Amino acid sequence: MLKINMKIQLPRAFIDKYQELLKEEAADFFAAITNASIKKGFRINPLKPNAQAMVEKYYPEPLQKAPYAKEGYLGEVSGRSLLHQAGYVYSQEPSAMIVASVADAKPGEKILDLCAAPGGKSTQLAGQLHQQGLLVANEIMPKRAKILSENLERWGARNVVVTNHAPEQLTQFFPKFFDKIVVDAPCSGEGMFRKDEEAIAQWQIDTPLACAKRQKTILNEAVKMLKPGGELIYSTCTFAPEENEAIISWLVEHHGLTIEPIELSSQSVSSGRNEWGSVSGLEQTIRLWPHLNEGEGHFVAKLRLAKNTDQKMLPEATSPCKAKKKNKKSGTNSKLTKEQEQLWQAFYRQFPISLTGQLTTFGDHLWLVPQELPTLQELKVLRAGIHLGEFKKKRFEPSFALAMALEQPKHYPNCQLSLADWEKYVRGQTIECPGNQGWVVLIVDEIAIGFGKQVQGLIKNFYPKGLRLN
């Protein structure tokens, strides 16, 4: 290990490698890793009502734009703040915002975020879709998939399905299905060295090659789920050519993809290095270097699958399986019972929300499942669209997820709360609010924070226990 300064020690092999690759740039590169300050960032949620004004009001400092995303800003947001808890902002490292910006999802498209946790790219993609189309956010690790699901719940996206599968398992459900697939691949993490000491400790000279092998396995499956003519957006947070230009070269040579130009309004980006790959066009990929660009290290490329690609070896798409989801408790069809239908309609008369999808029950829980989803059979799903609520004895109890997804919460029975009331609410306390409306949306200004039940001037607290702040 060579000691660069008092804070960070870089592996000798890493220094030797990038001195050889970067030559005269190497000194500035190492200085940026070891000396430059870390920049934090966040994005504003475009799905929330009057989001910009609410963030400007409740964020404690003047907003400073981040370079790589339309809704991105520099700064730090507390996870215990109103803005975070209500899904108005998502904390994300500035350079990581560039990936979903390159994907540029269009309303109505079918998108897969294959390695999605903890949710930065998925929330950004969901915002781009504007509740139209389908986003499947997948994560192989169950604990990370749960965090992903919670972040998307706060975000209020209705057209998102969270799955928990290995890529080779997911392929059988979505062959040739997606318009765009984002693969933010597990990598050696060199671009995170100045903010993650563990990444430095785990790095070995052969780490990039080991990661590249894993990346190829993931990408082999991703291509099978891409429509002919569809786009694959590949990214890493590493500098290693083995995991970047070499992987793109492999995709071009072995899967017939072509490298597409990337159009961004930000000019503070660097090009990929042709000399580090084996195909032409690598200058159309993007690199973010800590000594040349804002944020941590990142690589991103956009590729397109030819419309006439020979995919004879791929599995055939299955027929859509509508209304065949299984009830987890009884194993019967998931249509609402007569009693459930009556309870739901009684609630719906008070809260006539816009319903685009299929009402489906899982046990006593009611979900609104996106129409574009071909099947739920045997699919490991943590979130199947929007969880509307739960049927309990002779009543329907709306969910926190539904409150987060309301486009105009002031249009429904509601109670206006102060910031002090919100602090009580997220701690599970009862709140005073004159009236006797029953179920109400609780609102701070225009920010929906959840549901409560108003009875004789008191609001019973239904904030999820797992989200409460001590």
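A few points on the structure.

Reading the values: the criteria
One numbering rule holds for all chains: residues counted from 1, following each sequence as written. The predicted origin of the model limits local features to residues at a pLDDT of at least 70 and limits the giving and counting of side-chain atom pairs to 80 or more, whereas totals for whole chains, interfaces and linings rest on all residues. Hydrogens and water are ignored here; the side-chain numbers use all heavy atoms of the structure. Helix and strand definitions follow DSSP, with helices as H or I runs of at least four residues and strands as E runs of at least two, each counted in order from the N terminus. Both definitions apply: the radius of gyration is a C-alpha atom measure, and the globule rule equals 2.2 Å times residues to the power 0.38. Throughout this description, buried means an accessible area under 20% of the type-specific maximum (1.4 Å probe, protein chains only), exposed means over 50%, and partly exposed covers the range between. Any pair of residues with heavy atoms lying within 4.5 Å of one another is described as a contacting pair. DSSP bridges decide pairing: two strands pair if at least two such bridges lie between them. Polar contact is defined as a pair of N or O atoms within 3.5 Å, subject to the rule that within protein one atom must be able to donate a hydrogen and the other to accept it, and that residues adjacent in sequence are counted only when both atoms are side-chain atoms.

### Observations regarding the overall build of the protein chain
Line of reasoning, step 1. The helix and strand inventory of the protein chain stands at 14 helices and 25 strands.
Line of reasoning, step 2. Relative to the 2.2 N^0.38 estimate, which gives 23 Å for 470 residues, the radius of gyration of the protein chain is 24 Å and therefore close to what a compact globule would have.
Line of reasoning, step 3. The principal-axis extents of the C-alpha atoms in the protein chain amount to approximately 75 × 55 × 35 Å.
Line of reasoning, step 4. The burial tally for the protein chain puts 58% of its 470 residues in the buried class.
Line of reasoning, step 5. The contacts in the protein chain between residues at least 6 apart in sequence include a share of 71% that link residues at least 24 apart.

### Brief notes about helix α11 (residues 245–255)
Line of reasoning, step 1. Three or more residues of α11 are buried, namely Glu245, Ile247, Ile248, Ser249, Trp250 and Leu251.
Line of reasoning, step 2. The secondary structure elements touched by the buried residues of α11 are α10 (207–224), β11 (226–236), β12 (257–260), β14 (286–288) and β15 (298–305).
Line of reasoning, step 3. Residue glycine 256 follows α11 closely and has a positive phi angle near 70°.

### Considerations on the pairing of strand β17 (residues 365–369)
Consecutive side chains along a regular strand alternate between the two faces of the sheet.
Line of reasoning, step 1. Summarising burial for β17: four of the five residues are buried, a large majority.
Line of reasoning, step 2. Inspection of the sheet shows strand β16 (residues 358–362) paired to β17 by five bridges, in the antiparallel sense. By the bridge assignment for β17, threonine 360 is matched with tryptophan 367.
Line of reasoning, step 3. Taking the residues that link successive antiparallel strands as the turn, the β16-β17 hairpin has two residues, and the phi of glycine 363 there is positive, at about 65°.
Line of reasoning, step 4. Bridge count for β17 against strand β19 (residues 386–392) is four bridges, and the pairing is antiparallel. Along β19, the bridge assignment pairs leucine 366 with glycine 389.

### Details of the side chain of serine 188
Line of reasoning, step 1. The topology assignment puts serine 188 in the loop between β10 (178–184) and α9 (197–202).
Line of reasoning, step 2. Of note is the side chain of serine 188, whose polar atom sits 2.7 Å from the side chain of threonine 238.
Line of reasoning, step 3. Side chain to side chain, serine 188 and glutamate 243 meet in a polar contact 2.5 Å long.

### Section: the sheet that holds strand β21 (residues 414–416)
Line of reasoning, step 1. With mixed pairing, the five strands of this open sheet are ordered in space as β21-β23-β24-β25-β22. Only two strands of the sheet have a single neighbouring strand rather than two, namely β21 and β22 (431–432).
Line of reasoning, step 2. Relative to strand β24 (residues 447–455), strand β23 (residues 438–444) runs antiparallel, the two sharing seven bridges. Bridge pairing links tryptophan 439 to lysine 453 in β24.

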